[in-house]
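The lines below spell out each chain.
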Amino acid sequence: FLMLIDSDRQMALDDVPALLERAHPEGAVIGVRKVRYDPWVRVVLSRLIELGLFLLMGTYIRDGNTPFKIFHRNLWKRAEPFIPSQTGAPAMFLSIIWAVRGERVIRVPVTHRARKVGPTLSFYRLARGVWLGLLEALALRAQLKATSRS
């Protein structure tokens, strides 16, 4: 299994056993934040991402950019060709690909903490990241449609 987690210490490592307990050889376990301890701007932009992804992909992905995922290596191998090498949101791309392709995904509530290390990004940088992420998602949609036809 592979684990994806941010290095900002906002996710509680105490939740790892609960995710591992639900891990499946052909699926992913996503830690969904029960309560989110981020500045309001991050929360609002995350909701905009959810809305944008729903409009672009036709599927609702709750907390799709959550930085806490455990998944089988096979799932990574199927998703990797679709993830842009320079993307700023690989966690989001995994969620999108798994949702669109109908992969087995289990969501488990996890603890989220207020940021204690590293600065939070400015509104401009966050908004720019959302915009670029949605543009990348649009390109991904075309790529996934093309491969589903072949």
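These numbers were taken from a predicted model, which means no experiment stands behind them.

About the thresholds
Residues numbered from 1 in each chain as written. Predicted model: local features only at pLDDT ≥ 70, side-chain atom pairs only at ≥ 80, totals over all residues. Heavy atoms only, no water. Pairing = 2+ DSSP bridges. Helix = DSSP H or I, 4+ residues; strand = E, 2+ residues; numbered from the N terminus. Axes fitted to C-alpha atoms, helices over the stretch in contact; angles between N-to-C directions. Contact = heavy atoms within 4.5 Å. Buried < 20%, exposed > 50% of the residue type's maximum accessible area, 1.4 Å probe, protein only.

**Student:** Would you explain the sheet that holds strand β4 (residues 104-110) in this entry?
**Tutor:** In a beta sheet, neighbouring strands pair by backbone hydrogen bonds and run either parallel or antiparallel. Taken in spatial order, the four strands of this open sheet run β1-β3-β2-β4, and their pairing is mixed. Each end of this open sheet is capped by a strand with a single partner; those strands are β1 (2-5) and β4. Averaged over all neighbouring strand pairs, the angle between strand axes comes to 15 degrees, with direction disregarded. As judged from the three bridges shared by strand β2 (residues 27-33) and strand β3 (residues 68-71), these two strands associate in the antiparallel manner. Of the residues in β3, the one forming a bridge with Val-29 is Ile-70. Helix α4 (residues 90-100) rests against β1, β2, β3 and β4 of the sheet, and its axis sits at about 50 degrees to β3.

**Student:** Got a minute to help me understand unusual backbone geometry in this structure?
**Tutor:** Trans is the prevailing form of peptide bonds, just as negative phi is the prevailing case for residues other than glycine. A positive phi angle is found at Asp-63, which is not glycine, with a value near 55 degrees. As for its position among the elements, Asp-63 is in the loop between α2 (40-57) and β3.

**Student:** Teacher, can you tell me more about the pairing of β2 here?
**Tutor:** Within a regular strand, side chains alternate between the sheet's two faces. Burial of β2 is extensive: seven of the seven residues sit out of reach of the surface. Where burial is concerned, the two faces of β2 agree: the one with Gly-27, Val-29, Gly-31 and Arg-33 and the one with Ala-28, Ile-30 and Val-32 are both buried. Examined bridge by bridge, β2 and β4 share seven bridges and lie parallel to one another. Bridging from a neighbouring strand, Ile-30 pairs with Arg-107 of β4.

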